[in-house]
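Architecture at a glance
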Amino acid sequence: MAEIAAQPFAFGFKPETTALIVIDMQRDFAEPGGFGASLGNDVSRVVAIVPTVKRLIDGFRAAGLPVIHTMECHRPDLSDLPPAKRDRGNPSIRIGDMGPMGRLLIAGEPGTAILDELAPLPGEIVIEKPGKGAFYATSLSNDLKWIGARQLVFAGVTTEVCVQTTMREANDRGYECLVAEDATESYFPEFKAAALAMIRAQGAIVGWTATTDQVLEGIA
Ligand code: C5J
């Protein structure tokens, strides 16, 4: 077993069974006029982690390890968008409505795309997910079995919503999960801190946390 220096203790992994999952690094969460901004959030915190996420992706690619990307999005006919999700709260525009970057969080629209700097390479797995968790109503379970993954490293946004939900889903499915602390972000710094603390509490009850440098050192 190789190791990544991590909290609350070293993360053991086999390079041949380890994959990176980058959650929802989409224009809709990072740019003015997108879904995140429609909820009243300041998106600058998300933009700030892009170089770190890129470094992590580049490290996995250089080590020959799989990189999986997720995108939160819905079908154009909204058949996978429950009214409970669309109608909640009081956003400036709702999922499916036309915004400055196309229809909000709809597959194929410009604003729904992954940020150019972090774009998937041909052949990398891209999961389009209608939920906050990446296992719900997607092929992720099968894809991970197919590539033989057992340990998962997570990056992306937002820490306490889609990243943490997916980590919890993965943890319950028997994967060992680590989140790269500085390659994930929230619109709310206090939520990020609490999510990271929750994940690694009680002897890594959901998983481990480590810096991007620690992950890259471990997989090099
Ligand atoms: C949210 C996400 N926050 N990707 N989505 O609605 O975390």
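The rules behind the values
Residues numbered from 1 in each chain as written. Predicted model: local features only at pLDDT ≥ 70, side-chain atom pairs only at ≥ 80, totals over all residues. Heavy atoms only, no water. Near = heavy atom within 4 Å. Polar contact = N/O pair within 3.5 Å; in protein donor to acceptor, adjacent residues only side chain to side chain. Areas by Shrake-Rupley, 256 points an atom, 1.4 Å probe, with all protein chains shown as cover. Nonpolar A, V, L, I, M, F, W, Y, C, P; charged D, E, K, R; others polar. Helix = DSSP H or I, 4+ residues; strand = E, 2+ residues; numbered from the N terminus. Contact = heavy atoms within 4.5 Å. Buried < 20%, exposed > 50% of the residue type's maximum accessible area, 1.4 Å probe, protein only. Pairing = 2+ DSSP bridges. Expected span 1.5 Å × (residues − 1). Bend = angle between axes of the 7 residues up to and from the residue. Salt bridge = Lys/Arg side-chain N within 4 Å of Asp/Glu carboxyl O. Right-handed = clockwise from strand over helix to strand, strands pointing away. Axes fitted to C-alpha atoms, helices over the stretch in contact; angles between N-to-C directions. Parallel < 35°, antiparallel > 145°, perpendicular 65-115°, else oblique. Left-handed = near helix turned anticlockwise from the far one by under 90°.

Neighbouring the ligand are D24, F29, F35, E72, K132, V157, T158, V161 and C162. Interatomic distance of 3.2 Å between a backbone N/O atom of C162 and an oxygen atom of the ligand. Burial of the ligand by the protein chains amounts to 92% of its free accessible area of 230 Å². Looking at the shell around the ligand residue by residue, the classes come out as five nonpolar, one polar and three charged.

With that out of the way, let us pick up the environment of P130. Tracing the backbone through its elements, the reader meets P130 in the loop between strand 7 (125–129) and helix 6 (140–147). Taking C-alpha positions, P130 is 7.0 Å from L81, a pair spaced 49 residues apart along the chain. P130 has contacts with C73, H74, D80, K85, Y136, A137 and T138, leaving out every residue within four places of it along the chain.

With six of six residues buried, strand 4 (residues 67–72) lies mostly within the body of the structure. Residues V67, H69 and M71 line one face of strand 4 and the alternating positions I68, T70 and E72 line the opposite face, and both faces are buried. Direction of pairing for strand 3 (residues 18–23) relative to strand 4: parallel, over a ladder of four bridges. Directly across from L20, in strand 4, lies its bridge partner V67. Sheet topology note: the strand 4/strand 7 ladder contains five bridges and is parallel. Across the sheet, residue M71 finds its bridge partner in strand 7, namely E128.

This part is about helix 8 (residues 189–204). When the terminal C-alpha atoms of helix 8 are compared, their 21 Å separation across 16 residues agrees well with the 22 Å that a helix rising 1.5 Å per residue should span. Maximal helix bending in helix 8 amounts to about 25 degrees, located at A197. Check the buried side of helix 8 and you find it contacts helix 7 (159–172), strand 9 (176–185) and strand 10 (208–210).

Turning next to the pattern of salt bridges. Overall, the coordinates contain 11 salt bridges when judged by the stated rule. Between R45 and E185 there is a salt bridge, with the nearest N and O atoms lying 3.2 Å from each other. Of this pair, R45 sits in helix 3 (residues 44–48) while E185 is found in strand 9, placing the two residues 140 residues apart along the sequence. A network of salt bridges, in which partner residues are shared, links R45, E185 and K192.

As a further point, take the pairing of strand 9. With respect to burial, strand 9 is a largely interior element, eight of its 10 residues being buried. As paired elements, strand 8 (residues 151–157) and strand 9 share six bridges and run parallel to each other. Paired with V157 across the bridge in strand 9 is E185. One crossover worth recording links strand 8 to the parallel strand 9 by way of helix 7, and it is right-handed. The pairing of strand 9 with strand 10 spans three bridges and is parallel. Residue pairing for strand 10: V179 is matched across the bridge by T209.

With that settled, the discussion passes to the packing of helix 7 against helix 8. Packing of helix 7 against helix 8 brings their axes to within 10 Å, and their N-to-C directions diverge by 15 degrees. It follows that helix 7 is roughly parallel to helix 8 by the angle criterion. Of the two possible hands of crossing, helix 7 and helix 8 adopt the one that is right-handed. Across the interface between the two elements, T159, E160, Q164, M167 and R168 from helix 7 touch F191, K192, A195, L196, M198 and I199 from helix 8.

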